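# Reading the structure
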Amino acid sequence: MTGVQTCALPILIVLLIALPLISSALLLIAGRRVDKWGHIFATMVSASTFVIGAMEFFAMKSRANGERGITQTLFDWINVGSFHVTAALLLDQLSICFVLLITGVGTLIHIYSISYMEHDHDRRRFFAYLNLFIAAMLLLVLGNSYLNLYVGWEGVGLASYLLIGFWNQKPAYATAAKKAFVANRVGDVGLSLAIMIAFTQFGGISFDQVKAGVPNASSAALVALGAMLLLAAAGKSAQFPLQSWLGDAMAGPTPVSALIHAATMVTAGVYLIVRSNFVFDASSTARLIVVIVGAITLLFGALIGTAKDDIKKALAASTMSQIGYMILAAGLGPVGYAFAIMHLLTHGFFKAGMFLGAGSVMHGMNDEVNMRKYGALAKAMPITAVTFGLGYLAILGVPPFAGFYSKDKIIETAFNAGGKTGWIIGIAALLGAAITAFYMTRVVVLTFIGAKRWDSQAHPHESPILMWLPMAILAIGSVASGFLLSSGSALVNWLQPVVNAEGHMHEGEVLKPIVVSLLALGVVLIGVLTAIIKYRTVPSEAPENVSIFTKAARKDLYQDSFNEAVFMRPGQQLTKSLVKTDENVIDGAVRGVAWTALVTSSALKKIQNGYVRSYALTMVIGVVALVATIWVVTL
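Report on the accompanying structure. Worth saying up front: this structure is predicted, and the values here are computed from it rather than measured. (Residues numbered from 1 in each chain as written. Predicted model: local features only at pLDDT ≥ 70, side-chain atom pairs only at ≥ 80, totals over all residues. Heavy atoms only, no water.)

What the protein contains, in helices and strands, is 25 helices and three strands. Over its C-alpha atoms, taken along the principal directions, the protein stretches across nearly 110 × 65 × 60 Å. Of the contacts made within the protein by residues no fewer than 6 positions apart, 81% connect residues no fewer than 24 positions apart. Surface exposure of the protein reaches about 26800 Å², of which carbon and sulfur atoms provide 68%. One way to put it: in the protein the 43 positive side-chain charges average out to a point 7 Å from where the 32 negative ones average out. (Helix = DSSP H or I, 4+ residues; strand = E, 2+ residues; numbered from the N terminus. Contact = heavy atoms within 4.5 Å. Areas by Shrake-Rupley, 256 points an atom, 1.4 Å probe, with all protein chains shown as cover. Lys, Arg positive; Asp, Glu negative; His and termini not counted. Charge placed at Lys NZ, Arg CZ, Asp CG, Glu CD.)

The next thing to look at is helix H8 (residues 219-236). With 18 residues, H8 ought to run about 26 Å at 1.5 Å a step, and its terminal C-alpha atoms sit 26 Å apart, in line with that. By the burial criterion, the buried members of H8 are Ala221, Leu222, Leu225, Gly226, Met228, Leu229, Leu230, Ala232, Ala233, Ala234, Gly235 and Lys236. Two residues or fewer after H8 comes Ala238, characterised by a positive phi angle close to 55°. (Expected span 1.5 Å × (residues − 1). Buried < 20%, exposed > 50% of the residue type's maximum accessible area, 1.4 Å probe, protein only.)

Relative to strand E3 (residues 83-91), strand E2 (residues 69-80) runs antiparallel, the two being bridged by nine bridges. Residue pairing for E3: Thr71 is matched across the bridge by Leu90. (Pairing = 2+ DSSP bridges.)

The next subject is the packing of aromatic side chains. Enumeration according to the criterion identifies 19 aromatic pairs in this entry. Ring centres of Phe438 and Tyr535 lie 6.0 Å apart, and the angle between their planes is 55°; this geometry places the pair in the tilted category. Taken together, the positions of Phe438 in helix H19 (residues 419-448) and Tyr535 in helix H22 (residues 513-535) put the pair 97 residues apart, joining distant regions of the chain. The pair formed by Phe438 and Tyr535 is uniform in burial state, with each residue classed as buried. (Phe/Tyr/Trp six-rings, centres within 6.5 Å; stacked < 30°, edge-to-face > 60°.)

One pass over the structure, following the stated rule, counts 15 salt bridges. Salt-bridge contacts for Arg275 lead to Asp92; the nearest nitrogen and oxygen are separated by 2.8 Å. Of the two residues, Arg275 is situated in helix H11 (residues 268-275) and Asp92 in the loop between E3 and helix H3 (93-116); the sequence distance between them amounts to 183 residues. This pair shows no difference in class: Arg275 is buried, exactly as Asp92 is. Overlapping salt bridges, with partners in common, bring together Arg32, Asp35, Asp122, Arg124 and Arg125 in one network. (Salt bridge = Lys/Arg side-chain N within 4 Å of Asp/Glu carboxyl O.)

Together, Leu74, Phe75, Trp77 and Val151 give the surface a local cluster of nonpolar side chains, amounting to about 360 Å² of exposed area. Ranked by the residues each element gives to the nonpolar patch, the list is headed by E2, at three residues. Among the secondary structure elements, Leu74 is positioned in strand E2. On the basis of relative accessible area, Leu74 is assigned to the partly exposed category, the value being 37%. (Patch = residues over 30% accessible without salt bridge, like charges linked within 9 Å, V, L, I, M, F, W, Y side chains within 5 Å.)

Before going further, it helps to examine the packing of helix H15 (residues 334-364) against helix H20 (residues 465-486). With their axes 9 Å apart at the nearest point, H15 and H20 run at an angle of 160° to one another. Regarding the angle of H15 to H20, the classification is roughly antiparallel. For the crossing formed where H15 meets H20, the hand is left-handed. Note on element contacts: H20 touches H15 through Met467, Pro470, Met471, Leu474, Gly477, Ser478, Ser481, Gly482, Leu485 and Ser486, opposite Met342, Leu345, Thr346, Phe349, Phe350, Ala352, Gly353, Leu356, Gly357, Gly359, Ser360 and His363. (Axes fitted to C-alpha atoms, helices over the stretch in contact; angles between N-to-C directions. Parallel < 35°, antiparallel > 145°, perpendicular 65-115°, else oblique. Left-handed = near helix turned anticlockwise from the far one by under 90°.)

Okay, the environment of Gly422 next. With respect to the secondary-structure elements, Gly422 resides in helix H19. Look at Gly422 and you get buried, because its relative accessible area is 0%. Considered as a pair, Gly422 and Ala174 are 248 residues apart in the sequence and their alpha carbons are 43 Å apart. Once you skip the residues sitting within four places of it in the chain, Gly422 turns out to touch Ala414, Phe415 and Ala417.

A few words on the side chain of Thr43. Note that Thr43 resides in helix H2 (residues 38-62). Classification of Thr43 as buried rests on a relative accessible area of 9%. For Thr43, the residues in contact, after removing those within four places along its chain, are Thr107, His110, Ile111, Ile114 and Phe127.

A separate point is unusual backbone geometry. The omega torsion across Phe240 and Pro241 is 5°, close enough to zero to call that bond cis. Across the junction of Pro399 and Pro400, the peptide omega takes the value 5°, indicating a cis bond. As for its placement among the helices and strands, Pro400 is situated in the loop between helix H17 (382-396) and helix H18 (402-415). We note that Asp367 has phi near 65°; this positive angle belongs to a residue other than glycine.

Its 24 residues give H3 an end-to-end C-alpha distance of 34 Å, which sits within 8% of 34 Å, the value for a rise of 1.5 Å per residue. Among the 24 residues that make up H3, 22 are buried, leaving the element largely enclosed by the rest of the structure. Measuring from the backbone nitrogen of Leu94 back to the side-chain oxygen at the start of H3 gives 3.2 Å, which picks out Asp92 as the cap. (Polar contact = N/O pair within 3.5 Å; in protein donor to acceptor, adjacent residues only side chain to side chain.)

The next subject is the packing of H3 against H15. Contact pair H3 / H15: the axes reach a minimum separation of 11 Å and the direction vectors enclose 5°. One finds that H3 runs roughly parallel with respect to H15. The residues of H15 that touch H3, namely those facing Leu94, Cys97, Phe98, Leu101, Val105, Ile109, Tyr112 and Tyr116, are Ile341, Leu344, Leu345, Gly348, Ala352, Leu356, Gly359, Ser360 and Met362.

This part is about the environment of Thr264. Considering the arrangement of structural elements, one finds Thr264 in the loop between helix H10 (254-262) and H11. Considered as a pair, Thr264 and Val633 are 369 residues apart in the sequence and their alpha carbons are 85 Å apart. Leave out the neighbours within four places in its chain, and Thr264 touches Ile102, Phe133, Met137 and Leu259. Engagement of the side chain of Thr264 in a polar contact is seen with the backbone oxygen of Leu259, the distance being 2.7 Å.

Following the sequence through the fold, Thr346 ends up in helix H15. Look at Thr346 and you get buried, because its relative accessible area is 0%. Here His343 takes part through its backbone oxygen, which lies 3.1 Å from a polar atom of the side chain of Thr346. One polar contact links Thr346 to Ser406, side chain to side chain, over a distance of 3.0 Å.

Bringing the environment of Ala30 into the picture now. One can find Ala30 in helix H1 (residues 11-30). For Ala30, a relative accessible area of 15% translates into the label buried. Once the C-alpha coordinates of Ala30 and Val492 are considered, the two residues, 462 residues apart in sequence, prove to be 45 Å apart.

This is how it looks when you write it as structure tokens:
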């Protein structure tokens, strides 16, 4: 990579991964003996990784722009023939952004979980899994090759399975964990194939080796490699057509939802595409596919969010849509990579804050998730309402909140892509902003405004300080992060050596930034007003007589039905056919050999009758036959 230095073992970078990994193992192995302090220990470990990340960030800033990246070689991992892989870590301008996001937001979620999981019998195990999640995600973003990345990739999949199904005594929760696991395995096939393609085409799988070989690769190989990387990203980041698992993943404890959606798992796909920028820069076809997937998903998720009454599932649909914006931006090439990462970072603040806010509401409402049974909670839970509200303004893109600086830049870049494609994806991005404003306003109105609709058993109250303090910090990030990242093109300039964005920032300007901002604010205002008018009064039970579009959105636009019809049912039939083939052909052949041996032995055993005269006669016949044979042969 540009400006990357190879150095001796800097212990601090190793500790980023080693500390949470060792902590997770310790909490799991020690068992009940550490129940009393395991959660505190895990939180301190997570906080220490953030401190290390901050130290590395400031050390990186102190170096010259072209010398900021560091490759840390740990040991030779695989050395078979021409296949040589070292276990090495890459800390550069891109990976440090993720390190700070993962450890910073992750630590806040740890602190929040201390109170949220206070009465859970297995809190220590929960924190062990959180540490494992942090360690795996850090390995994913710090690996210097696709195979090193793959190890973290699989670790994230394991940790998400363990956390989504944490309350696996409930069958629905266990099923949700399995669904997420299987969907991600489909994406993992894409990453596995991408690694194979990279090795056969470039003779290596490190980022440097692939980047060096790209100029000499055929267009077909680059399209195949880009498509497989996108398939992997779609699985991890819940993008079309592998998005169906994300809503069900809300089965896990709410802090898990915040961690998955804001700082770890769903951001991995965006990281993979941006890290592989040299592949997509060399193939306009691969970039176009990325843009199409992002555009479809941002609208797909937004439409689903309009009909969800479960507050966590509404936010999950929102995540799907916002990650779609990031994937769309990444598909726009050098000019879009930095904006994809900018929106990823701002989204980390406001989406984590809103998920923790949803958990705070559930905490005060006896774990009720149906927003139709909320209403007027702003009075009972003012801190939650304010912090959630700041995140809401950020995701809408209202100035000066974070989303205004990141999402508007993506919309602007989409329009400036040029030609009909630019107008199509620009309009799609604007439409997504309007729908986002509608469904997020719906969430706020149903939850915090209007008449109360809860029953007499509910006693809403504000959450304890260990829950609302992380929410407050994230709310501050929802306000300030966009300005800080965009001020003086700070993030764009920071990432330039990694994504090669220099010289691409002003190639074309179909619409001026002020025009894009006015258009975005206009459609947002329409979405907000429409939701307020529609939901200012709402029944506590969802109406049955609704439009066909609402029914489709309630059923996630029939994504599960499609998967069942196209993949699951044919797969079941194929499995049944293979079983019958195994029973009738393979097992039948084995049984046929056994039957033949049985019949033959039954016939031969008749000559073993125990009479000496029979044996003597048999010998005479044998001798006669032998003599006759010799006589015939010698004639």
